[in-house]
Amino acid sequence: MGKRQKYYVVWRGVQPGIYHTWEECEHQVKGFPNPKYKAFDTEAEAMAAYANPDYELGKPKDTPHEPKQTKIEVMKAIKEGKEQLIDQAIKNGLQLNALAVDAACSGNPGMMEYQGVYVATGQRIFHFGPVFGTNNIGEFLAIVHALAYMKKNNINMPIYSDSRNAMSWVKQKKCRTKLERNAKTEPLFQLIERAEKWLHDNTLSVPIIKWDKNLWGETPADFGRK
């Protein structure tokens, strides 16, 4: 009898998601600090677990388990020099030598902008916009901008994003937006095409990691408009 198919959920790893082989899963978690992952017998179980933010290591929401670690507002801790909190965030898997990206949109669609920030200091590395678009498109373009910036400057460090959609689009090398292409959005779509071409012409050499708001608070690149 053949080996039974397993489905692997990675909550915390290089690229969180659902994987169909152990080899794919192992690539995401091997060497990653405090990885969280689990195998499931069916894809439906895996999808339900991945979609549930309260599901950790296969424990459903209504199953008693250890209390979650207290959220640490990383940028506030860095600005105030709270080394103990920063050390705790690092123990929870945070890498300070990394670039965080985020986008903001006034309306969706609306006037959108994005930026990249160095995690260890909160220094803005790049900024683009505003331009008419959507938040998801901004998140996608921000990741590609960060990748291109690192390649141009021969930098190798992780990129943090809090957008699963954008991370998935980058992995697929395709911005799967439903925004209508018209005269108003044409400048944005030209940027999207440039970004997609860059992804097809270049090899992704740095990890893109999901920013864990439950542990670290808002991403350092957040525009603070919530």
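Refer to the structure above for everything that follows.
Here the structure is a predicted model, which is why all the values come from computation and not from measurement.

Participant: Mind showing me how you'd approach the overall build of the protein chain here?
Facilitator: Counting its secondary structure elements, the protein chain contains eight helices and eight strands. Across the 226 residues of the protein chain, 43% fall into the buried class. Residue pairs at least 24 apart in sequence account for 60% of intrachain contacts in the protein chain once pairs closer than 6 positions are excluded. Accessible surface computed for the protein chain: about 12,600 Å², of which carbon and sulfur atoms make up 50%.

Participant: Would you explain the nonpolar core in this entry?
Facilitator: Formed by 32 residues in total, the largest nonpolar core has its most connected members in Phe140, Leu141, Ile143, Leu147, Val170 and Leu188. Every element with two or more residues in this core is listed here: β4 (99-107), β5 (110-118), β6 (124-133), α5 (135-152), α6 (164-172) and α7 (186-201). For this core, the element with the most residues is α5, which contributes nine residues. Val74, Ile86, Ala89 and Ala221 belong to the second largest nonpolar core, which has 19 residues in total.

Participant: I tried to follow the pattern of salt bridges on my own but got confused; where do I start?
Facilitator: Should their charged atoms come close, side chains of opposite charge can pair. For the coordinates displayed, the defined rule picks out nine salt bridges. Between Glu186 and Arg181 there is a salt bridge, with its nearest N and O atoms 2.9 Å apart. Overall, the relative accessible area of 24% leaves Glu186 in the partly exposed class. We note a salt bridge from Lys197 to Asp201, for which the minimum N-O separation is 2.6 Å. You can see Lys197 and its partner Asp201 sitting in helix α7, four residues apart, about one turn around the helix. A relative accessible area of 54% places Lys197 in the exposed class. Through salt bridges with shared partners, a single ionic network connects Asp162, Lys213 and Glu218.

Each value, and the rule that gives it
- Residues numbered from 1 in each chain as written.
- Predicted model: local features only at pLDDT ≥ 70, side-chain atom pairs only at ≥ 80, totals over all residues.
- Heavy atoms only, no water.
- Helix = DSSP H or I, 4+ residues; strand = E, 2+ residues; numbered from the N terminus.
- Buried < 20%, exposed > 50% of the residue type's maximum accessible area, 1.4 Å probe, protein only.
- Contact = heavy atoms within 4.5 Å.
- Areas by Shrake-Rupley, 256 points an atom, 1.4 Å probe, with all protein chains shown as cover.
- Core = buried A, V, L, I, M, F, W, Y, C linked by side-chain atoms within 4.5 Å.
- Salt bridge = Lys/Arg side-chain N within 4 Å of Asp/Glu carboxyl O.

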